[in-house]
Amino acid sequence: MKKSLGLSMDLQKRFSREFKLFENKLVKIPGSWGHIDEICKAIYIFRRLKKCSINQRVNIEVLLFISSNGVIDAGVSNYNSVTEEKVYQLIDNGQAPINYFSSIIDCSPKVIDVGVNSNMTWKNIDSKKIRKGTRNITIEDAMTTSEFLDTIDVGRACAKKYINEQTDIVCLGEMGLGNTTTSSVIIAILLGLTAEQVCGSGTGISENKLKLKKNILQKLIDNYKKLPGYTFSNKEINNILRKFGGFEIVAEVAFILETVKSQCLILIDGYITSVAAYIAYLLDSEVGNFLVFASYSVEPGHKYILEAMNRRAILDVGLCMGQCTGSLFLANMLRPALNFYFAS
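Cut-offs applied
- Residues numbered from 1 in each chain as written.
- Predicted model: local features only at pLDDT ≥ 70, side-chain atom pairs only at ≥ 80, totals over all residues.
- Heavy atoms only, no water.
- Helix = DSSP H or I, 4+ residues; strand = E, 2+ residues; numbered from the N terminus.
- Contact = heavy atoms within 4.5 Å.
- Expected span 1.5 Å × (residues − 1).
- Buried < 20%, exposed > 50% of the residue type's maximum accessible area, 1.4 Å probe, protein only.
- Arc of directions from axis to C-beta.
- Polar contact = N/O pair within 3.5 Å; in protein donor to acceptor, adjacent residues only side chain to side chain.
- Pairing = 2+ DSSP bridges.
- Axes fitted to C-alpha atoms, helices over the stretch in contact; angles between N-to-C directions.

Checked against the element boundaries, Ser274 lands in helix α11 (residues 270-283). In contact with Ser274, not counting residues within four places along its chain, are Ile268, Phe293, His302 and Ile305.

Structure follows, in structure tokens:
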């Protein structure tokens, strides 16, 4: 997160005096809560822009996109689709970390299946399945053009369905076996990096599997390598996303692009969602005004995304789980401050 949170200077100047008067009424030293004060200021500004009431409880939504990635067939993960399905069943039954952490801040998570490799009929998960998992990117493109466009439509539709002008904060996250591989290919190509720079152990794979994963990544990167300083067009960015991305990453990109129209903050959860956020930012730089990077990831590629956007994350506690845990840890930390600012 930038020191200024990334909000445009024009917006900050426009409401800076007004916010200062508002903050001075609080029983605290202005600015003494650091980045938490910046987040509260952003919420104040967005509420003013939307002409919403300032003095009301902050509305938080939790969105999780889930899918399966065919690249796990190449041996890059410790787990398989059977294990993955069991985790999603726990989420569907309200027994997973996302359910518990959401309940503490009085939220009900919206979980969207955009491509889980399962025949399960969900009770609470919103099924928008494009296909039962993407294809194995070591052999063929992850998805067809038609599937890519359908996933974009799902992401945008979810933003319209679950987010509105009363929403102040969105905790955004994903889950999908193999997606540290898919996202690392994407970010390495876009930032001109090597597999060694971006590749981590994901689900805690062995040294031998990590070596295999790096070799797979480097071959994919080499096949799409551009000269240093090359500028990707929006069409090329979308094509890279289609060739290598997971349905969950594509849906997140579309969701972010649509959600920012509602002028609310999006708490970005870890590495994979940061890849989606970076792509959305490349497609529309104004997106950066609405992003807060909740947590550093142990995945090595994450730092390069933050450097490329001149941002920092707020939490640094060694997270590598997904499932909105980083954004929800931050949201739970924020809730008392938000209540003090806007609902006391």
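Having put the structure on the table, let's press on.
Before going further, it helps to examine helix α3 (residues 81-92). Within an α-helix, residues lying three or four positions from one another point in the same direction, as the helix has 3.6 residues per turn. Given a rise of 1.5 Å per residue, twelve residues ought to cover 16 Å, and the 16 Å separating the end C-alpha atoms of α3 matches this to within 8%. Inspection of α3 places Glu84, Tyr88, Ile91 and Asp92 among the buried residues, and these make up the whole buried set. Across the axial projection of α3, the buried residues extend over an arc of 95°, all falling on one side. Set apart from the buried face of α3 by more than 90 degrees, the exposed residues are Val82 and Lys86. Close packing links the buried residues of α3 with β1 (60-67), α4 (97-104), β2 (110-115) and β4 (169-175). Backbone nitrogen of Val82 and a side-chain oxygen of the N-cap are separated by 3.1 Å at the start of α3; the cap is Asn80. Phi turns positive, to about 75°, at Gly94, one or two residues after α3.

This part covers α4. Buried within α4 are the following residues: Ile98, Asn99, Phe101 and Ser102. In the core, the buried residues of α4 are packed alongside β1, α3 and α13 (325-342). Looking one or two residues past α4, Asp106 carries a phi angle of roughly 60°, positive in sign.

Within the open sheet, the six strands sit side by side as β3-β2-β1-β4-β5-β6. Their pairing is parallel. In the strand order of this sheet, the two ends are held by β3 (126-127) and β6 (291-293), each with one partner. As paired elements, strand β5 (residues 265-268) and β6 share three bridges and run parallel to each other. Along β6, the bridge assignment pairs Leu267 with Val292. Against the sheet, α3 contacts β1, β2 and β4, and its axis sits at roughly 155° relative to β1.

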